[in-house]
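Chain and residue survey
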Amino acid sequence: MNDDRLPPVAPEVTATLVEDLSPRLRKRLDAAVTKLAARPTHRDGDTTTIEVDDETALRLHAPGGVVAKAEDISCGCLLAPACVHRAAAACAAPTADPAPEPAEQPTSEALEAPEPCEAPEAPRPASAADPGTLSPPETANPAQRAAADALWAAGAAVLEAGVDGAGAVTQSVLLRAAHTARLRHLPRAAGAALAVVTLLRAARAGDLSYRTADLVTALAELLGTARRVGTASGAELAAVRGRARRPYTPDGSLRLYGLFTEPVVTDSGHGGVRTWVAGADGRLFTVGDVAPGGAGRALGVADRAVRLGDSALTHRELGRAGLAVSGATVSPDGRLGAGKGVKAVTARGAAWTEPPLAALWETPPSEQVARALRSTSRYADPDGGGSDLLFLDVELLGAVREAGGTCLLALCEGGVRVRLAVADDDPALAHRDNLALLAAAPGARLRIIGRLAPAPHPRLTLLACSHPTGEGTVDLGFDRLRRADLPDPAAPARFAPPQPAGSVAQSPLYLLERRVEQTVPAGRAALGMLGDVTAEAVRIRRAGLPTAAALLTALCASAAQRDRDLFGRLLPADTDGFAAYWLAAARYTAAVAESLCSAAWDPTT
């Protein structure tokens, strides 16, 4: 059985079914999930049936595409409904995204305020006697702090157990905490908890797309957000709470100029396109169309009409044309809304060398990187906006072999050498073939658009470029270059193809980073058994990173610490203390890595 064929199950449904199991059945739950995953499955309308055995069927009813109630999962075995099969099916299915507005949630105006029944005592209003009295900034109410504490405890339990020990029962605790947090209007923390569950399942299933670094980021986001709920106030509290739905705000009339179109293919099996456009003031916007379908859908959608007003342009056409939009609505991250009030008509586009687009390439690379890092930061405010795109004029130097494959080396402003990598390796897309062709044209000068890849050396994933002949532009995921498009190979190149480059010098920071990552697969105890780290701490300190050295020492000491009672019996581990040290190390390494990335792009450093 492939869990992609199962309908998504609401987090609270999974949590309820697991909580209702007896202690004996909870011990068998992980084995039941694995066994159920091998059984035949078929779907008929809103009902998906799993054949538990030759005589027993398990049914998941998903009206509207989501299993929203525990009663919607039924089993035909003799122990039902108190059997392990129902909970196993819920744990094997994808976790449903929460509905935009739960039944308990108030209006959007009330979303940013504490619940009336749980709000702290209101301050005494200012009066003529004390005109200087000001209302204190809003803080989280007791129910929100309790929900955040539950999320912290659930995240700390994952760190304690590691991926290997964070089975269905541990995941159900996270799901319950996420559901409670959402009801208490903490959607950002709830979303982080769901992301942790999704990654835990991918890791335990051996999903090839799983990366430990992603789970590190998700866990740190969960723990960091949960911790900040109790201390934040005012505007910071609003950012920590997050938003239950993506807000689109009116932006009047916009004159837009197409830049390029990129394919979007996700690990979850979704595919589509994202077309980037710029306003007359240089702001960047996107128009997207992504749905289940993978790379095949991305290739097809590129030539479909854009869903924006009455425009008949396809996505690929819009990437080179223009639009005049009235009644525009825009999300914080620049997505253009397609509501009924939006009107759009085709207009003239602009070349990359013409205003207003040419101004995008006039900003120094180091300033562009600083802006992109604010957008790509692992723990950035989700509503912070901004773009991770860079606009550079480069001269190609040739191919460079790396441990992960081959990339293209180029020289940009200030003498900075930047590595241009493939945006997507899917053979159905044109990225890989186009990069290989461009690598055979050293000395070619191109205007490029790429996505910043945070690294201790300048690095981009290449998305679009000016055509090597100087006529038009190339969407590198869709348009396929030919050898005839390259400059005359007999023409002298300014730069000879470089020799294969060795690995980029590595900062000793990795000694702390790897300890942070080692915790995730096997848990706190495994980190505590790694032995003395004094030599590593000394090496880090000599490199000028005393804080990293102190964090490494404290993290490993906390992992190994186990106190005993008066009778010599081991006391429970301090999971909260270890989680706090781990969170500090994870956030610190991320901040330093971003600083190193920024410095690599600055030719004066």
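Above this text is the structure in question.
Just so it is clear, the model here is predicted, and its values are computed rather than measured.

Parameters and conventions
Residues numbered from 1 in each chain as written. Predicted model: local features only at pLDDT ≥ 70, side-chain atom pairs only at ≥ 80, totals over all residues. Heavy atoms only, no water. Helix = DSSP H or I, 4+ residues; strand = E, 2+ residues; numbered from the N terminus. Buried < 20%, exposed > 50% of the residue type's maximum accessible area, 1.4 Å probe, protein only. Contact = heavy atoms within 4.5 Å. Areas by Shrake-Rupley, 256 points an atom, 1.4 Å probe, with all protein chains shown as cover. Polar contact = N/O pair within 3.5 Å; in protein donor to acceptor, adjacent residues only side chain to side chain. Pairing = 2+ DSSP bridges. Axes fitted to C-alpha atoms, helices over the stretch in contact; angles between N-to-C directions. Parallel < 35°, antiparallel > 145°, perpendicular 65-115°, else oblique. Left-handed = near helix turned anticlockwise from the far one by under 90°. Patch = residues over 30% accessible without salt bridge, like charges linked within 9 Å, V, L, I, M, F, W, Y side chains within 5 Å. Salt bridge = Lys/Arg side-chain N within 4 Å of Asp/Glu carboxyl O. Lys, Arg positive; Asp, Glu negative; His and termini not counted. Charge placed at Lys NZ, Arg CZ, Asp CG, Glu CD. Core = buried A, V, L, I, M, F, W, Y, C linked by side-chain atoms within 4.5 Å.

**What about the overall build of the chain?**
The helix and strand tally for the chain stands at 18 helices and 15 strands. Here the chain holds 605 residues, and the buried ones make up 47% of them. Considering only contacts in the chain between residues 6 or more positions apart, those separated by 24 or more positions represent 65%. As displayed, the chain offers around 28600 Å² of accessible surface, 53% of which is attributable to carbon and sulfur atoms.

**A short note on the environment of Asp388**
Structurally, the position occupied by Asp388 is in the loop between helix 12 (365-376) and strand 10 (389-402). For Asp388, a relative accessible area of 17% puts it in the buried group. For the pair Asp388 and Ala453, spaced 65 residues apart in sequence, the C-alpha separation works out to 8.8 Å. Discounting chain neighbours no more than four positions away, the residues touching Asp388 are Ala372, Ser375, Thr376, Gly450, Arg451 and Leu452. Of note is the side chain of Asp388, whose polar atom sits 3.1 Å from the side chain of Arg451.

**Thoughts on the sheet that holds strand 4 (residues 73-75)**
If you walk across this open sheet you meet the four strands as 1-2-3-4, and the pairing is antiparallel. Looking along the sheet, the strands with just one partner apiece sit at the ends: strand 1 (41-44) and strand 4. Here the average twist between neighbouring strands, direction ignored, is 20°. Sheet topology places strand 1 next to strand 2 (residues 47-51); four bridges connect them, and they run antiparallel. Among the inter-strand pairings, Arg43 is bridged to a residue of strand 2, identified as Thr48. The sheet strands contacting helix 3 (residues 84-92) are strand 2, strand 3 (57-61) and strand 4, and the helix crosses strand 4 at an angle near 140°.

**A word on the packing of helix 17 (residues 546-560) against helix 18 (residues 575-600)**
Where helix 17 contacts helix 18, the two axes come as close as 9 Å, and the packing angle between them is 150°. Accordingly, the angle class assigned to the pair helix 17 and helix 18 is roughly antiparallel. Relative to helix 18, the crossing made by helix 17 is left-handed. Contacts from Thr547, Ala548, Leu551, Ala554, Leu555, Ser558 and Ala559 in helix 17 reach Gly577, Phe578, Tyr581, Trp582, Ala584, Ala585 and Tyr588 in helix 18.

**Some points on a negative patch on the surface**
A cluster of acidic residues, Glu51, Asp53, Asp54 and Glu55, forms a negative patch at the surface. The topology assignment puts Asp54 in the loop between strand 2 and strand 3.

**Structural notes on the sheet that holds strand 5 (residues 249-265)**
Through backbone hydrogen bonds, the strands of a sheet pair up, either in parallel or in antiparallel fashion. Pairing in this open sheet of five strands is antiparallel, and the strands run 7-6-5-8-9 from one edge to the other. Where the open sheet ends on each side, the last strands, each with one partner, are strand 7 (284-292) and strand 9 (343-347). Each adjacent strand pair in this sheet contributes to an overall mean axis angle of 35°, direction not counted. Both strand 6 (residues 270-279) and strand 7 contribute to a ladder of nine bridges, which runs antiparallel. In the sheet register, Gly272 faces strand 7, and the bridge partner there is Val290. Helix 10 (residues 294-301) rests against strand 5, strand 6 and strand 7 of the sheet, and its axis sits at about 40° to strand 6.

**Description of the nonpolar core**
Leu174, Leu215 and Trp582 are the most contacted members of the largest nonpolar core, which totals 69 residues. Here the element with the most residues in this core is helix 7 (residues 187-204); it accounts for 11 residues. Dropping the residues within four chain positions of it, Leu174 is found in contact with Ala154, Gly155, Val158, Ala193, Val196, Val197, Leu200 and Leu222.

**Comments concerning the side chain of Thr519**
Here Thr519 lies in helix 14 (residues 510-522). Those residues in contact with Thr519 that sit more than four places away from it in its chain are Leu159, Gly162, Arg524, Leu527, Phe578 and Trp582.

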